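Here is how the chains run, residue by residue.
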2 protein chains.
Amino acid sequence: MSILDLGADPVDLTAALVDIESVSGDEAAIADAVQEALESQAGHLEVVRNGNAVLARTDLGRPGRVIFAGHLDTVPVNANLPVRREGTGDAERLHGLGTVDMKGGDAVFLHLAATVPAPKHDVTFVFYDCEEVEAVRNGLGRIERELPGWLRADLAIVGEPSNAVIEAGCQGTMRAEIRVTGARAHTARAWRGVNAIHLLSEPLRLLSDYRPRTPKIDGLTYREGLQAVKISGGVAGNVVPDEAVLTVNHRFAPDRSPEQAEKHLREVFDGFELSIVDLSPGALPGLGAPAAAELVAAAGGQPMAKLGWTDVARFAALGMPAVNYGPGDPALAHSQGENVAAAEIRQVKTVLRSFLGA
Amino acid sequence: MSILDLGADPVDLTAALVDIESVSGDEAAIADAVQEALESQAGHLEVVRNGNAVLARTDLGRPGRVIFAGHLDTVPVNANLPVRREGTGDAERLHGLGTVDMKGGDAVFLHLAATVPAPKHDVTFVFYDCEEVEAVRNGLGRIERELPGWLRADLAIVGEPSNAVIEAGCQGTMRAEIRVTGARAHTARAWRGVNAIHLLSEPLRLLSDYRPRTPKIDGLTYREGLQAVKISGGVAGNVVPDEAVLTVNHRFAPDRSPEQAEKHLREVFDGFELSIVDLSPGALPGLGAPAAAELVAAAGGQPMAKLGWTDVARFAALGMPAVNYGPGDPALAHSQGENVAAAEIRQVKTVLRSFLGA
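Everything quoted here is computed from the prediction, not taken from an experiment.

This part is about the environment of Asn 324 of chain B. All names here are of chain B. Residue position: Asn 324 is located in strand S18 (residues 322–324). Exposure remark for Asn 324: the relative accessible area of 0% places this residue in the buried category. Taking the C-alpha atoms as reference points, Asn 324 and Phe 68, 256 residues apart in sequence, are found 10.0 Å from one another. Those residues in contact with Asn 324, other than ones at most four positions away along the chain, are Val 158, Glu 160, Pro 161, Ser 162, Val 165, Ile 166, Glu 167, Lys 306, Thr 310 and Val 312.

Next up on the list: unusual backbone geometry. In this chain, Leu 81 of chain A is followed by Pro 82 of chain A through a cis amide linkage whose omega measures -5 degrees. With respect to the element layout, Pro 82 of chain A can be found in the loop between strand S3 (65–71) and strand S4 (84–86). In this structure, Met 102 of chain B follows Asp 101 of chain B across a cis peptide bond, with omega equal to -5 degrees. For Met 102 of chain B, the position within the fold is in helix H3 (residues 99–115). One non-glycine residue, Ala 164 of chain A, lies in positive phi territory at about 60 degrees. Relative to the helices and strands, Ala 164 of chain A resides in the loop between strand S7 (155–158) and strand S8 (167–168). Given the relative accessible area of 6%, Ala 164 of chain A is considered buried.

This part takes up the UniProt feature "domain: Peptidase M20 dimerisation" (unreviewed entry) in chain A. Residues annotated in UniProt with the feature "domain: Peptidase M20 dimerisation" (unreviewed entry) correspond here to residues 171–269 of chain A. Segment residues 171–269 of chain A splits into 24% helix and 37% strand. End C-alpha atoms: 21 Å apart.

Moving on, we get to the pairing of strand S6 (residues 122–128) of chain A. Residue and element names in this part refer to chain A. Within S6, seven of the seven residues are buried, leaving the element largely enclosed by the surrounding structure. Of the two faces of S6, both are covered, the one formed by Asp 122, Thr 124, Val 126 and Tyr 128 as well as the one formed by Val 123, Phe 125 and Phe 127. Where strand S2 (residues 53–57) and S6 come together, four bridges link them in antiparallel fashion. Each residue of the ladder has a partner; that of Ala 56, found in S6, is Phe 125. Pairing between S3 and S6: seven bridges, direction parallel. Bridge pairing in S6 links His 71 to Tyr 128.

Moving on, we come to the sheet that holds strand S7 (residues 155–158) of chain B. Strand order in the open sheet formed by eight strands is S1-S2-S6-S3-S7-S18-S8-S17 (chain B), with mixed pairing between adjacent strands. Strands at the two margins of the open sheet, each flanked by one partner only, are strand S1 (46–50) and strand S17 (304–305) of chain B.

Moving on: the interface of chain B and chain A. In this assembly, 42 residues from chain B lie in contact with 43 residues from chain A. Taken together, the two surfaces of chain B and chain A that pack against each other cover about 3,200 Å², and 58% of this comes from carbon and sulfur. Three residues, His 198, Gln 227 and Ile 231 of chain B, lead the burial of chain B against chain A; their summed loss comes to 18% of the area buried on that side. Inspection of the chain B/chain A interface yields zero salt bridges. Counting only elements with at least two residues in the side of chain B that touches chain A, the list comes to helix H5 (196–199), helix H6 (201–209), strand S13 (225–233), strand S14 (239–240) and strand S15 (243–252) of chain B. Of the residues forming the side of chain B that touches chain A, the biggest block, eight residues, is contributed by S13 of chain B. For the side of chain B that touches chain A, the per-class residue count stands at 20 nonpolar, 14 polar and eight charged.

Another point: the side chain of Asn 339 of chain A. Residues and elements named next belong to chain A. Mapped onto the elements of the fold, Asn 339 is located in strand S19 (residues 339–341). We classify Asn 339 as buried; its relative accessible area is 13%. Within the local environment of Asn 339, its side chain forms a polar contact with the side chain of Arg 93, the two groups lying 2.5 Å apart. At 3.0 Å, the side chain of Asn 339 and the backbone oxygen of Gly 337 are in polar contact. Not counting the four nearest positions on each side in its chain, Asn 339 is found in contact with Arg 93, Leu 94, His 95, Thr 99, Val 100 and Leu 332.

Right, let's get into the domain arrangement of chain A. Residue and element names in this part refer to chain A. Taken as a whole, chain A is organised into domain 1 (10–169 + 283–355) and domain 2 (172–280). With centres defined by C-alpha atoms, the gap from domain 1 to domain 2 works out at 35 Å. Counting residues at the interface gives 15 residues for domain 1, matched by 13 residues for domain 2. Taken together, the connections running from domain 1 to domain 2 amount to one residue pair in polar contact (both at pLDDT 80 or more).

What follows concerns the relation of the copies chain B and chain A. Once chain B is rotated about the relating axis by 180 degrees and shifted along it by 0.5 Å, it coincides with chain A to within an RMSD of 0.4 Å. The relationship between the two copies is best expressed as a two-fold rotation axis. When C-alpha distances to the rotation axis are compared across chain B, the minimum falls at Ser 232 of chain B, with a value of 2.4 Å. A high fraction, 100%, of the interface residues of chain B reappear at the interface in chain A, so the copies pair face to face through one surface.

On to the sheet that holds strand S16 (residues 273–280) of chain B. With antiparallel pairing, the eight strands of this open sheet are ordered in space as S16(A)-S9(A)-S15(A)-S13(A)-S13(B)-S15(B)-S9(B)-S16(B). A single partner strand is all that each edge strand has here, and the edge strands are strand S16 (273–280) of chain A together with S16 of chain B. Taking each pair of neighbouring strands and ignoring which way they run, the sheet shows an average axis angle of 25 degrees. Here strand S9 (residues 172–181) of chain B runs beside S16 of chain B; their pairing, made up of seven bridges, is antiparallel. Bridge pairing in S16 of chain B links Ile 178 of chain B to Leu 274 of chain B. Along the sheet face, helix H6 (residues 201–209) of chain A touches strand S9 (172–181), strand S13 (225–233) and strand S15 (243–252) of chain A and points at about 20 degrees away from the line of S15 of chain A. Strand contacts of H6 of chain B: S9, S13 and S15 of chain B, with the helix running at about 20 degrees to S15 of chain B, the strand carrying the most contacts.

All right, on to the confidence of the model for chain A then. This prediction gives chain A a mean pLDDT of 94; 100% of its residues lie at or above 70. The ipTM for the predicted assembly is 0.77, set against a pTM of 0.77.

Conventions used here
- Residues numbered from 1 in each chain as written.
- Chains lettered and ligands numbered in written order.
- Predicted model: local features only at pLDDT ≥ 70, side-chain atom pairs only at ≥ 80, totals over all residues.
- Heavy atoms only, no water.
- Helix = DSSP H or I, 4+ residues; strand = E, 2+ residues; numbered from the N terminus.
- Buried < 20%, exposed > 50% of the residue type's maximum accessible area, 1.4 Å probe, protein only.
- Contact = heavy atoms within 4.5 Å.
- UniProt positions renumbered as here; feature names shortened; annotations may be inferred.
- Pairing = 2+ DSSP bridges.
- Buried area = accessible area lost by both parts, 1.4 Å probe.
- Salt bridge = Lys/Arg side-chain N within 4 Å of Asp/Glu carboxyl O.
- Nonpolar A, V, L, I, M, F, W, Y, C, P; charged D, E, K, R; others polar.
- Polar contact = N/O pair within 3.5 Å; in protein donor to acceptor, adjacent residues only side chain to side chain.
- Domains from an automatic or database assignment.
- Least-squares fit on C-alpha atoms with pLDDT ≥ 70 in both.
- Axes fitted to C-alpha atoms, helices over the stretch in contact; angles between N-to-C directions.
- pLDDT = per-residue confidence, 0-100.

Structure below.
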């Protein structure tokens, strides 16, 4: 018998998924459960396993195809398992690791997979591993390399938490290191050296004074950002340090290419040695595409700009419009006390069933 | 037979001492050799062992007493053992770990111990352990607690490298942490947080703009300093950090007490949370005392202000004038390539023999 009952209320299914611990790199158990459940309860789908990812799809010859993608992994456990349910009915909330990021979205997608056998669009479900760690380990990247045919569609819906509001496009993100070099000396004879940490005074001033753009694209407002995320330097308690490094994270709206964003960073920190250490391009909203417009209509309300970077951008890079749509407040993601409203899980289910014509 | 021939040229004795590896905490072998040599070759002295320190003294009823103190330990080996001798005669140089810091000084003191049986002043020799590590492990501190009577004198000569010039007094040193607190947020929504690293911009500007004092005391010029020695902050590549810490090292001239120096730091960083994490008071030159004046006369030339902190300050705190006087360039201490001129070792020997009336 399955651990997961895909036909049940996706709120119960969310709770069951949360209770299968699945920290990044350790998703075998949850992938096994998802695979078994899809094979036994969604016989109309073609199911394949790829590493700790599980993929499933229809092949009904519909004119369009929609991908539903959700990662199965979570950030590390922080005394927030097993799931704790509080309240009843629409007032119920689920507390625990993954309730927000993103087993609520996974539950809705699994529920759709089993309960909508004749969707209006062909559908592909992608449940994958290692989204919460370095981009190079991301299961979606592996699928792209090994099963590229599975990632062709006319719209991708990524079930990351978005307060059950459609978030379109996404900002790019770039990390850069600013490295300053001085000359080492004993602090008792500091004038013989050049203190590299002191040289970071100017880049920090530039950061403090920085005013980010808030461009409007397709009616959505983006908010860029430029933040120090790490600073380090120092040799010993009595040594003038000869090197210090400041790492900044730049979030840039999707009207700028990575090259343009890098150029901007180099202008801001003109005269400093700057190297890009991590980069993910943004994605334009793409809400004009037919399937995307249908989804917006089904969800009602005004879509929002996606500020954080999500795998939406990977799908956008594959040439399809992609949106973020899932239950839960993204501000709670990765916090110890993450929790989601049962009502929001059910709302996303209702919208997506309607979008699929069920 | 002794490994160490105390009656020989102290240059040879320096080489022999260098070849007894004695990284801090591992001084048993060198202390054994020093103890055996003093007991067998300086029968006129009372010799005691304390941990890995060896003490020896006369009791001739002279009106004054002088302490000669040298640490036996070195910083870690760095592919710079055994000793390597280059050149001959006065052009000879000894290369290797401890040649500068401070087995040249130790060798001169051991030579005096064995070859000046009737010094003008009563003499106390203190060869001790663990000077190159945390103050709490310093052998001199242990001797102060366990054999306080051995550290009473009218002048202390610490044989740390000083280019064979008398260095008087020493600057105090203080480390302080400046801790800034912000509010954590995701970098995609940075405006919800307060970036602690950005808040270090102002303390770094204060450091960059800081102009240290150069006070004159007893005719000696001191140079103070205020230097960042460590900076750290950062949670993850996509998180606005809520804490950052800047560690500064303040070197202050001996006309300021530790309390005055701390008050000064708090004025410089007014408005910031500052805590003192390490503190060693300075020591006034005290060259007016008779034995100190005799030493200055014997050495000829102008004494210099001691800028670095040495155990001179420990003796000053015990109420006696204390100077630093030894062969070797202190700028080479702790460097892989430390090396000393044989001529400088012999010069210090000659001056100190004359000072002792030999």
